[in-house]
Amino acid sequence: MIFKVAWRNIWRHKIRSLVVIIALALGLWAGVFSSAFTQGMMNQKIESVIRMEMSHFQIHQPKFRDEFDSKLFIKDGLSIQKIINQEKDVVASSGRIIAMVMLGSANTNGSVKLNGIIPSDEAIVTELDQKVTTGAYFEGVKRNPILISQKIAEKYKVNVKSKVIITLQDINGEITAGAFKVVGIYNTKNGMYDEINVFVRRSDIANLMVAEDNVHEIAVLLNNHDLAEPMATKYQKAYQELEVLPWMDLSTGMRMMIEMMGTYTLIIVGIILIALLFSIINTMLMAVLERVKEIGMLMSIGMSKPKVFFMILIETVCLTFLGAPLGLLFSYGSITYFGHTGIDLGSAAYADMGFSNVIYPSLEFGDYLDVSIMVIIMAIIASIYPAIKALRLNPVEAIRKI
Amino acid sequence: MSVIETNKLCKTFEGVVPVKAVDNVDLKIENDEFTAIVGPSGSGKTTLLNIIGGLDRPTSGSVKVNDIELNNLSDNELIKFRLKHIGFVFQSYNLIPVLTARENTEFVMLLQNTTVEERNERVDALLKEVGLEDKVNSRPLELSGGQQQRVAVARALASKPDFVLADEPTANLDSKSAENLLDIMLRLNKEEGITFVFSTHDQRVIDRARRVITLEDGKIISDITQNEN
């Protein structure tokens, strides 16, 4: 009967209850959707970092990442790569020669990061072949082909078949140069990445640098993101003279960003829930204060204080449970929809920061569960003050109220 | 044995000017009585009923219901005591607006954890008794004032109390409804031996009460047993 009374009490003021329910649903949707949006943005960033930049883990000489010194190569790197490729969880690996070089065209010159790759390996590890928008992926130019980004093409005013000059230090520290012909132009939609990276065949650059079978970097792609850390640890033990780091440690900014985004999401959801909490407290307080006489009567005829408390608690929880599933359902629907279609932010500025400008919101089941638990806790907290207010009523004074 | 017994009962409301609402009241009410407490406004009728009903505590003196000293009970024990021993009828009905006549009557029995069978049987009987068997599914707002007060009487009796306290039960009723309610209360008193104690201004009610206690400035100034008209 207490459930019945509580339930019917909610519908005494239909408009008021509906406003709270809708506010709750919209508030919850806003919180959950912003979480999903942030999560989607982070997932895409992580995916992009893994697929385009870092792979799951990389191997270098310990100081190579700081100094980019061409002498800091992994001796017999291609043999190590072959051993790694035999691991069952390894999808593919790419042994790269890397150097900071001067790129010159007829119009301008500047510094870029040159990646000497084995095109077939790189196509699997970074799917670089699929990013080519103009020209071809190392096809059609026999001698010294180079793949450059759209951004670099625009900056150096070059196109497919244009000739560019690369000047660099070989592994002995001698200055050397080579002419390359643009074979294709790629666009990863990651502005920061595109601004600096160019690709040539490892064999071509190895000749210039006298690098033989040595590489500067081995990037390894796994079949599972979660294996990045354990596999890196495993190979670090195997090659103690080298530095083996998982993607999140290769990019310290990423680890920080993931943690920051998690905190940011928590703060946003927290603020929304606190706002909803006060909205529910306000409504329930109104409901209690306008029923002072009735509650006084209930206590007069023998309704115990725990039962009065329970009744107010049920009313609050029912009110919350009407709005919350609606909000969660709406969130699920919109996240599923936009998870397929994506949300176009319409600005290339995000791409320049390394984020995609089309975001696919995403939220895991566990996150819905977390939000639901938070809402339940919020509903219980919201009921406490109005319920205490009801308990403090003196039946005699309460029934005198008009 | 008296169902209600007060001894030197006093209640003073503190304030800028303290008001002695009940002043040294010694009172005994026996089983089966049909007693009206009368007096002008501010004479202390409602305060006396509230203290007898365990809703308020006296400043001094004692009140016993079935030999249980109410002063010795805690607030929570008083709530349980009221549920078990006392039925209340309020001036402005005070039904639960979201429940039907049947559910309002049943509510107290649910608080007492009565079985479904007993509840159904008693609620049907009570609503029939007060002449509302055709209004069982109506909510208070769908009932007239008189009908609502009859539901309130049925609710007061649902818990099988030792006595029913009614604070000006006919004050908000038209004369026909008031007569009707009075008939029901008298019949329940006569046929089922239910003790009624009520405060009233209504001369028709006073005329039909068997015992009339008159209060003035918190003191009993007369206590008359009269023949039923």
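Residues numbered from 1 in each chain as written. Chains lettered and ligands numbered in written order. Predicted model: local features only at pLDDT ≥ 70, side-chain atom pairs only at ≥ 80, totals over all residues. Heavy atoms only, no water.

A. Examining the overall build of chain A more closely. Of the regular secondary structure elements, chain A holds 16 helices and twelve strands. In terms of C-alpha radius of gyration, chain A reaches 31 Å, well past the compact-globule figure of 21 Å for 402 residues. Counting across all 402 residues of chain A, residues that qualify as buried make up 52%. Sequence-distant contacts, at least 24 apart, represent 77% of the contacts inside chain A between residues at least 6 apart. For chain A, the accessible surface area stands at approximately 18700 Å², while carbon and sulfur atoms represent 61% of it. A distance of 11 Å separates the average location of the 38 positive side-chain charges in chain A from that of its 37 negative side-chain charges. (Helix = DSSP H or I, 4+ residues; strand = E, 2+ residues; numbered from the N terminus. Rg over C-alpha atoms; globule rule 2.2 N^0.38 Å. Buried < 20%, exposed > 50% of the residue type's maximum accessible area, 1.4 Å probe, protein only. Contact = heavy atoms within 4.5 Å. Areas by Shrake-Rupley, 256 points an atom, 1.4 Å probe, with all protein chains shown as cover. Lys, Arg positive; Asp, Glu negative; His and termini not counted. Charge placed at Lys NZ, Arg CZ, Asp CG, Glu CD.)

B. Quick look at the sheet that holds strand S2 (residues 19-30) of chain B. Residue and element names in this part refer to chain B. Taken together, four strands build an open sheet; the order of strands is S2-S1-S4-S5 and the sheet is antiparallel. The sheet is open, and its two borders are formed by S2 and strand S5 (68-69), each paired with just one other strand. Across eight bridges, the pairing between strand S1 (residues 2-13) and S2 is antiparallel. Paired with Phe 13 across the strands is Val 19, a residue of S2. (Pairing = 2+ DSSP bridges.)

C. Local environment of the sheet that holds strand S10 (residues 219-225) of chain B. All names here are of chain B. The strand order across the open sheet built from six strands is S6-S7-S8-S3-S9-S10, with neighbouring strands paired in mixed fashion. Here the strands that pair on one side only, and so sit at the sheet edges, are strand S6 (86-89) and S10. Strand-to-strand twist in this sheet, taken as the mean axis angle between neighbours without regard to direction, amounts to 20°. Here helix H5 (residues 145-158) sits on the sheet and contacts S6 and strand S7 (163-167); the angle it forms with S6, its principal contact strand, is near 170°. Most of the contacts of helix H6 (residues 175-192) go to strand S8 (residues 195-200), to which it runs at about 150°, and overall it touches strand S3 (34-38) and S8. (Axes fitted to C-alpha atoms, helices over the stretch in contact; angles between N-to-C directions.)

D. Main features of the nonpolar core. Residue and element names in this part refer to chain B. In terms of nonpolar packing, the biggest core is built from 82 residues, with Leu 48 and Phe 107 touching the most fellow members. Those residues in contact with Leu 48, other than ones at most four positions away along the chain, are Leu 9, Val 22, Val 25, Leu 27, Ile 37 and Leu 215. One finds Leu 127, Val 130, Leu 157 and Leu 188 within the second-largest nonpolar core, a separate group that totals 39 residues. (Core = buried A, V, L, I, M, F, W, Y, C linked by side-chain atoms within 4.5 Å.)

E. Structural detail: the domain arrangement of chain A. Split into domains, chain A comes out as domain 1 (2-49 + 255-400) and domain 2 (62-241). Here the C-alpha centre of domain 2 of chain A lies 50 Å away from the C-alpha centre of domain 1 of chain A. (Domains from an automatic or database assignment.)

F. Seen up close, the interface of chain B and chain A. Taken together, the contacts link 26 residues of chain B with 23 residues of chain A. The junction of chain B with chain A conceals about 2200 Å² of combined surface from both sides, 67% of it contributed by carbon and sulfur atoms. Residues B:Glu103 and A:Arg8 are paired through a salt bridge, measuring 2.6 Å at the closest nitrogen-oxygen approach. Summed over the shared surface of chain B and chain A, the result is six residue pairs in polar contact (both at pLDDT 80 or more). Of all the secondary-structure elements, those providing two or more residues to the side of chain B that touches chain A are helix H2 (75-85) and helix H3 (101-111) of chain B. In terms of residues, the side of chain B that touches chain A owes the most to one element, H3(B), which gives six residues. Residues that form the side of chain B that touches chain A fall into these classes: 15 nonpolar, five polar and six charged. (Buried area = accessible area lost by both parts, 1.4 Å probe. Salt bridge = Lys/Arg side-chain N within 4 Å of Asp/Glu carboxyl O. Polar contact = N/O pair within 3.5 Å; in protein donor to acceptor, adjacent residues only side chain to side chain. Nonpolar A, V, L, I, M, F, W, Y, C, P; charged D, E, K, R; others polar.)

G. Main features of the environment of B:Ser144. Checked against the element boundaries, B:Ser144 lands in the loop between helix H4 (116-129) and H5. As a C-alpha pair, B:Ser144 and B:Ala21 span 123 residues in sequence and 33 Å in three-dimensional space.

H. Main features of a nonpolar patch on the surface. Residue and element names in this part refer to chain A. A cluster of nonpolar side chains, Phe 321, Ile 376, Ile 380, Ile 384 and Ile 388, forms an exposed patch at the surface whose accessible area comes to about 370 Å². Per-element accounting of the nonpolar patch gives the leading share, four residues, to helix H15 (residues 365-391). Within the fold, Ile 376 resides in helix H15. (Patch = residues over 30% accessible without salt bridge, like charges linked within 9 Å, V, L, I, M, F, W, Y side chains within 5 Å.)

I. How the structure looks around the packing of aromatic side chains. Residues and elements named next belong to chain A. In the structure shown here, the tally under the stated rule is 15 aromatic pairs over all chains. Ring geometry for Tyr 186 versus Phe 199: centroids 5.7 Å apart, planes at 70°, classification edge-to-face. Taken together, the residues span a long stretch of sequence, with Tyr 186 in strand S7 (residues 175-186) and Phe 199 in strand S8 (residues 197-201) at a distance of 13 residues. Ring pairing ties together the aromatic residues Trp 29, Phe 33, Phe 330, Tyr 337 and Phe 338, which thus form one cluster. (Phe/Tyr/Trp six-rings, centres within 6.5 Å; stacked < 30°, edge-to-face > 60°.)

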